[in-house]
Amino acid sequence: MGEADGLRQRRRVQPQVAADGGRTPEARDGSSFSGRVFRVTFLMLAVSLIVPLLGAIMLLDSPIDPQPLSFKEPPLLLGVLQPNTKLRKAERLFENQLVGPESIANIGETQDDEPACGRPLGIRAGPNGTLFVADAYKGLFEVNPWKREVKLLLSSDTPIEGRKMSFVNDLTITRDGRKIYFTDSSSKWQRRDYLLLVMEGTDDGRLLEYDTETKEVKVLLDQLRFPNGVQLSPAEDFVLVAETTMARIRRFYVSGLMKGGADLFVENLPGFPDNIRPSSSGGYWVGMSAIRSNPGFSMLDFLSERPYIKRMIFKLFSQETVMKFMPRYSLVLELSDSGAVRRSLHDPDGQVVTYVSEVHEHGRYLYLGSFRAPFLCRLSLQSV
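Residues numbered from 1 in each chain as written. Predicted model: local features only at pLDDT ≥ 70, side-chain atom pairs only at ≥ 80, totals over all residues. Heavy atoms only, no water.

Draft legend 1. Seen up close, the overall build of the protein chain. Counting secondary structure elements, the protein chain contains eight helices and 20 strands. Taking contacts inside the protein chain between residues at least 6 apart in sequence as the whole, the part at least 24 apart equals 54%. With an accessible surface of roughly 19,800 Å², the protein chain has 55% of that area assigned to carbon and sulfur atoms. (Helix = DSSP H or I, 4+ residues; strand = E, 2+ residues; numbered from the N terminus. Contact = heavy atoms within 4.5 Å. Areas by Shrake-Rupley, 256 points an atom, 1.4 Å probe, with all protein chains shown as cover.)

Here it is, written out as structure tokens:
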């Protein structure tokens, strides 16, 4: 047999194909085993950390005991509610000289000092040139700015129908100065805990009447969820009260055929209403403390039917931390005398106006109060 025949009879050797980047089956098996070991170890470590953490969180006390609330879908921001930037035309006044000017001509204190020093929230001009003031912690006062005299009308320490007033909020007064209608937002929570009040949905707020002559106090409406701003009608036949937590405004009749009755003035607002003040058109200005975006995401609407998430949030975070996640969207509404929205003024990013609490119309301007900002804003009505 020749050399050529010998070569033909040799067995051909097939080249081995290495899959997975050139690794042999043995290498693949080792790598797969190492990967499984790593994953199992990682999962065991994660479980050993997460389970005790969840257990600790479950044992923590939550400062609130929220109940589920039901809201309608927020109104679409279309038509008269179409977003705009009209509030950005405002100018800031006394910037960094004020702390949370909730109502016009109001300067607050720091939160730590509030219970001791007081915190004026609502302020109204009386018929004799005096000012009537609702202090969140102290009660109702009459102030003579010319003589610098302060008179306590009703102390918050005075029980009303067996319940204390923990959060005196806003007030409105008749033209003759005899009757003061005011809100006590809660018997449980104080002003510095307003976010806990909103999140818990506590229904222990009241609308009250104080007679400056007889010193008598009456409860007009009870079981309100964060009653806030109040405003007498031009005819003084009814009082409007903002029920902030429920995104609506209620109406209580104080004279006429409907006296003693109550109904809804407007509901399902595009935000959570704060103070109510008259407009020159015969309607009302309403500042929105927070917006209910639609389209978009409303955190308060989302959480309303999920009390377990609310409890978890406030086990882990402070009110101040939670407020940082609230949108800075600023919104002001003008309502007609029947509750229809006439126009809306917006600052979608809160670039100029933030955390609106009140809209006070005077002359050719709107003055905008805030429950957090360190300034007032002034907006020319000619520009909007």
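Draft legend 2. Broad picture of a nonpolar patch on the surface. The grouping of Leu60, Leu316 and Phe317 at the surface amounts to a nonpolar patch, some 280 Å² of accessible area in total. Note that Phe317 resides in the loop between helix 7 (307-316) and helix 8 (319-323). For Phe317, a relative accessible area of 43% puts it in the partly exposed group. (Patch = residues over 30% accessible without salt bridge, like charges linked within 9 Å, V, L, I, M, F, W, Y side chains within 5 Å. Salt bridge = Lys/Arg side-chain N within 4 Å of Asp/Glu carboxyl O. Buried < 20%, exposed > 50% of the residue type's maximum accessible area, 1.4 Å probe, protein only.)

Draft legend 3. Main features of the sheet that holds strand 7 (residues 179-184). Taken in spatial order, the four strands make up an open sheet running 6-7-8-9, and their pairing is antiparallel. Each edge of the open sheet is held by one strand with a lone partner, namely strand 6 (168-173) and strand 9 (217-224). On average, adjacent strands in this sheet sit at an angle of 20 degrees to one another, irrespective of strand direction. Bridge count between strand 6 and strand 7: four bridges; the pairing is antiparallel. Following the sheet pairing, Val168 is matched in strand 7 by Asp184. (Pairing = 2+ DSSP bridges. Axes fitted to C-alpha atoms, helices over the stretch in contact; angles between N-to-C directions.)

Draft legend 4. Local environment of the side chain of Gln231. Inspection of the secondary structure assignment puts Gln231 in strand 10 (residues 227-232). Owing to a relative accessible area of 7%, Gln231 belongs among the buried residues under this scheme. Only 2.8 Å separates the side chain of Gln231 from the side chain of Arg124, close enough to count as a polar contact. (Polar contact = N/O pair within 3.5 Å; in protein donor to acceptor, adjacent residues only side chain to side chain.)

Draft legend 5. Inspection of the pattern of salt bridges at higher detail. A complete count under the given rule lists 21 salt bridges for this structure. A salt bridge links Glu243 to Arg250; its shortest N-O distance comes to 3.9 Å. Residue classification places Glu243 among the buried residues on the basis of a relative accessible area of 2%. Its salt-bridge partner being Asp301, residue Arg292 comes within 2.8 Å of it at the nearest N-O pair. Note on accessibility: Arg292 and Asp301 belong to one class, buried. Residues participating in the shared-partner salt-bridge network are Arg88, Asp347 and Asp349.

Draft legend 6. The arrangement of the environment of Ser166 in detail. Along the chain, the position of Ser166 falls in the loop between strand 5 (149-155) and strand 6. Along the backbone, Ser166 and Lys138 are 28 residues apart, and their C-alpha atoms lie at a distance of 8.9 Å. The residues touching Ser166, leaving out its near neighbours within four places in the chain, are Ala136, Asp184, Ser186, Ser187, Lys188, Trp189 and Gln190. A polar atom in the side chain of Ser166 sits 2.8 Å from the backbone oxygen of Ser187.

Draft legend 7. Spatial organisation of the sheet that holds strand 1 (residues 91-93). Here four strands make up an open sheet; going across it, the order is 1-20-19-18 and the pairing antiparallel. A single partner strand is all that each edge strand has here, and the edge strands are strand 1 and strand 18 (356-362). Each strand of the sheet is rotated relative to its neighbour by a mean of 30 degrees, with strand direction disregarded. Judged from the four bridges that link them, strand 19 (residues 365-370) and strand 20 (residues 376-380) form a sheet pairing that is antiparallel. Counterpart to Tyr367 in the pairing with strand 20 is Arg378.

Draft legend 8. Quick look at the packing of aromatic side chains. A complete count under the given rule lists eight aromatic pairs for this structure. These aromatic residues form a ring-pair network of at least three members: Tyr194, Tyr355 and Phe371. Above the ring of Phe238, the side-chain terminus of Arg251 is found at 5.3 Å from the ring centroid. Here the basic side chain of Arg378 rests over the ring of Tyr365, its NZ or CZ set 4.6 Å away from the ring centre. (Phe/Tyr/Trp six-rings, centres within 6.5 Å; stacked < 30°, edge-to-face > 60°. Lys NZ or Arg CZ within 6 Å of the ring centre and 35° of its normal.)

Draft legend 9. Geometry of unusual backbone geometry. Here the residue pair Asn294 and Pro295 is connected by a cis peptide bond, since its omega of 5 degrees sits within 30 degrees of zero. Residue placement: Pro295 occurs in the loop between strand 15 (284-291) and helix 6 (299-304). We note that Arg148 has phi near 55 degrees; this positive angle belongs to a residue other than glycine. As for its position among the elements, Arg148 is in the loop between strand 4 (139-144) and strand 5. On the basis of relative accessibility, which here comes to 78%, the residue Arg148 falls in the exposed class. One non-glycine residue, Ala247, adopts positive backbone phi at about 55 degrees. Here Ala247 is to be found in the loop between strand 11 (238-243) and strand 12 (248-253).

Honestly, it's all geometry; don't read function into it.
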